[in-house]
Amino acid sequence: MTKSFSYKCTSCGYTDEYTKLVGTCPECGGEWLELIYNLNETAYIWRHELPQRDRTMWRYWELLPILDKKHIVSMGEGGTPLLRAENLGAMLGRRNIFIKDERQGPTASFKDRQASLAISVLKEADIKELVVASTGNVAISYSAYCARSGIKLWAFLDSNVPHEKMREVTLYGTEVIKVSSNYDRTKQVAAQFAKYRSLFLDKGVKGISAREAMKTLAFEIAEQIGRIRGVGWAAPDWYIQAVSGGMGPIGVWQGFYELYRMGLIKKIPKLAIIQTDGCAPMVNSFHKGLETCEIVQNPASIINVLATGNPGPAYPYLRNLVLTYGGAFVKVDDQASFRAMRVMAQMEGLSMEPAAAVACAGLIKMVQEQLISPNETVVINASGHTFPVEKQILENEIVRSHIRVQNLEKEVVEEDNKTEPRQRTSEALPQEGLLTALRRLDDRVQSIVIIEDELDARVLLRRILQYTRKYNIFEAADGNSGINLIRTEKPDLVLLDLMLPGIDGFTILDMMKADVELRDIPVIVITAKDLTSKDYKRLSGRVESLLQKGEFMEEELFESIRDVLK
Ligand SMILES: *Cc1c(COP(=O)(O)O)cnc(C)c1O
Ligand SMILES: [Zn+2]
């Protein structure tokens, strides 16, 4: 089977039919070429044929730059599950968070889509040797596909690529050249080598294959969200990804844009570009309002996979998309990413590599900054698997636990020095974490009554408490059964939501204070309400502390996990 489509140079507008691999514009030498397909015809074919096709990314082959299907090099890439993150969602108060599990590719990262298309394109063009620069995952994936199709690969890896990844690349028979410098410099060295030897150089985000391959992520996500909602195709509100060179979000956007033009989806998702503090050229440049990117000369993140200091034309492209269609540029630090990594493993059973966890840390930060509203549908790209566990992470982990222990001791000391009276003014109502509050109350707390009408919040509180200790936990979902439970159980602690069906939390507090048997039971108030000064007066001096719903969740969880790991 063959098909026809054309390409267009984004610099000079030159357009021609695509009959064989084109690297640069024949008119102006421009490197950024875009492809133009027959979208109407494709929409018709997909509506009728797609359900019967295999679930690999090649089910969308009409919109991929391969002329003849017989050149496809495939190992079942694509077709990865879209998993609802129930627990993370409950924790963040966001019901519709989905993980696109790209760890399930043939070499365990989303680079497999890129590799499958890029190597198929080379096979079609009868190219036998290839040069690539990589921070690890591209080299692994390209190695596998090159091995399969008999193409010789030269992989230039920067000196921060972990040994485990270098070894895997070597195993495939790839020629590995380790460059003792950073990734940007490694790319230059690879380009010089390719030029000198007249070999084909993979151009990453600037090449057609990388971006085109990433469109299939969008196609799958739209099919999967559509299936969940029972509407055929549908776009999420957000696509969140950890970004280095930017190929993922650009390609994914192109995919959604094509679906939009085909009339299959009605809106285009907002893109969230997440980078690490130590290498955030795009995020920093965006927030400075810059049109071209300020290069990071020496990336200082230990998450080497995301070490593109100079993203070139990918930055203005993404900036324009975010300004036009909405979205966010967000940076997170390495430690937040490692915490997110543990949360995803322990809450959702998903072990990701640190680079992938950067996207999850980004999501958490975006929820805290209220960039994502409760009803929005969010898709996070779990872009790669942690296996084997990188040694540098484990070393770091050991150091981290020392730090933690010191912090804990410090907290305890500070706690002892406090001479604050129990009676507090409204301003002094402590707003602290649940576990800090629990630590402050002593070991005598054995039984706890939770009065909270939202099931998710109840389940989460129970989980956090059970992580901490074997408490005896009683739950009530409304005010009346709540006060009855307090009367019968006489617990050591009450966790009280203020807004409840039936009698509300304030009234329960009044009832407790009016009862000699109940008035000394400590109460921690959990609220999603913005408290007025009148509210504060009603609580003042009568509760242990205040927890803001949504906000406390994350810190609590991290703390509790930390305690479990001790
Ligand atoms: C390559 C890679 C990224 C970054 O992808 P880009 O879209 O090219 O910026 C993120 N996570 C993992 C695991 C990767 O391998
Ligand atoms: Zn041109």
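This text gives an overview of the structure that appears in the document. (Residues numbered from 1 in each chain as written. Chains lettered and ligands numbered in written order. Predicted model: local features only at pLDDT ≥ 70, side-chain atom pairs only at ≥ 80, totals over all residues. Heavy atoms only, no water.)

### Observations concerning the site of ligand 1
Here is step 1: Around ligand 1, the structure places 18 residues, and the nearest of them are Lys111, Asn137, Ser244, Gly248 and Ser383.
Here is step 2: Take glycine 246: an N or O atom from its main chain is 2.8 Å from an oxygen atom of ligand 1.
Here is step 3: Methionine 247 is positioned such that a nitrogen or oxygen atom in its backbone is 3.4 Å from an oxygen atom of ligand 1.
Here is step 4: Here ligand 1 loses 96% of its free accessible area of 390 Å² to cover by the protein chains.
Here is step 5: When residues of the shell around ligand 1 are traced back to their parent elements, those giving at least two are β10 (238–242) and α8 (247–261).
Here is step 6: Residue contributions to the shell around ligand 1 peak at three residues, all from α8.
Here is step 7: A breakdown of the residues in the shell around ligand 1 according to their chemical character gives eight nonpolar, eight polar and two charged. (Near = heavy atom within 4 Å. Polar contact = N/O pair within 3.5 Å; in protein donor to acceptor, adjacent residues only side chain to side chain. Areas by Shrake-Rupley, 256 points an atom, 1.4 Å probe, with all protein chains shown as cover. Helix = DSSP H or I, 4+ residues; strand = E, 2+ residues; numbered from the N terminus. Nonpolar A, V, L, I, M, F, W, Y, C, P; charged D, E, K, R; others polar.)

### What about the sheet that holds strand β16 (residues 493–497)?
Here is step 1: An order of β15-β14-β16-β17-β18 is seen for the five strands of this open sheet, with the pairing classed as parallel. Both outer strands of the open sheet, β15 (472–476) and β18 (545–548), are each paired with one neighbouring strand and no more. With strand direction ignored, the average angle separating the axes of adjacent strands in the sheet is 20°.
Here is step 2: One ladder, built from four bridges, connects β16 with strand β17 (residues 523–527); its direction is parallel. Its bridge partner being in β17, leucine 496 is matched across the sheet by valine 525. (Pairing = 2+ DSSP bridges. Axes fitted to C-alpha atoms, helices over the stretch in contact; angles between N-to-C directions.)

### Focus: the nonpolar core
Here is step 1: Ranked by size, the top nonpolar core spans 69 residues in total, and within it Tyr18, Trp46, Trp233, Phe256, Leu259 and Phe329 carry the most contacts.
Here is step 2: In terms of residues, this core owes the most to one element, helix α7 (residues 208–229), which gives 10 residues.
Here is step 3: Once you skip the residues sitting within four places of it in the chain, leucine 259 turns out to touch Trp46, Ala218, Phe219, Ala222, Trp233, Leu264 and Ile265. (Core = buried A, V, L, I, M, F, W, Y, C linked by side-chain atoms within 4.5 Å. Buried < 20%, exposed > 50% of the residue type's maximum accessible area, 1.4 Å probe, protein only. Contact = heavy atoms within 4.5 Å.)

### Comments concerning the packing of α8 against helix α10 (residues 314–325)
Here is step 1: For the pair α8 and α10, interaxial distance at closest approach is 10 Å and the crossing angle is 45°. Accordingly, the angle class assigned to the pair α8 and α10 is oblique. The element α8 and its partner α10 pack so that their crossing is left-handed. Residue-level inspection shows Pro249, Ile250, Trp253, Gln254 and Tyr257 of α8 in contact with α10, the latter providing Ala314, Tyr317, Leu318, Leu321 and Tyr325.
Here is step 2: A breakdown of the residues in the contact of α8 with α10 according to their chemical character gives nine nonpolar, one polar and no charged. (Parallel < 35°, antiparallel > 145°, perpendicular 65-115°, else oblique. Left-handed = near helix turned anticlockwise from the far one by under 90°.)

The values reported here are purely geometric and, on their own, carry no functional implication.
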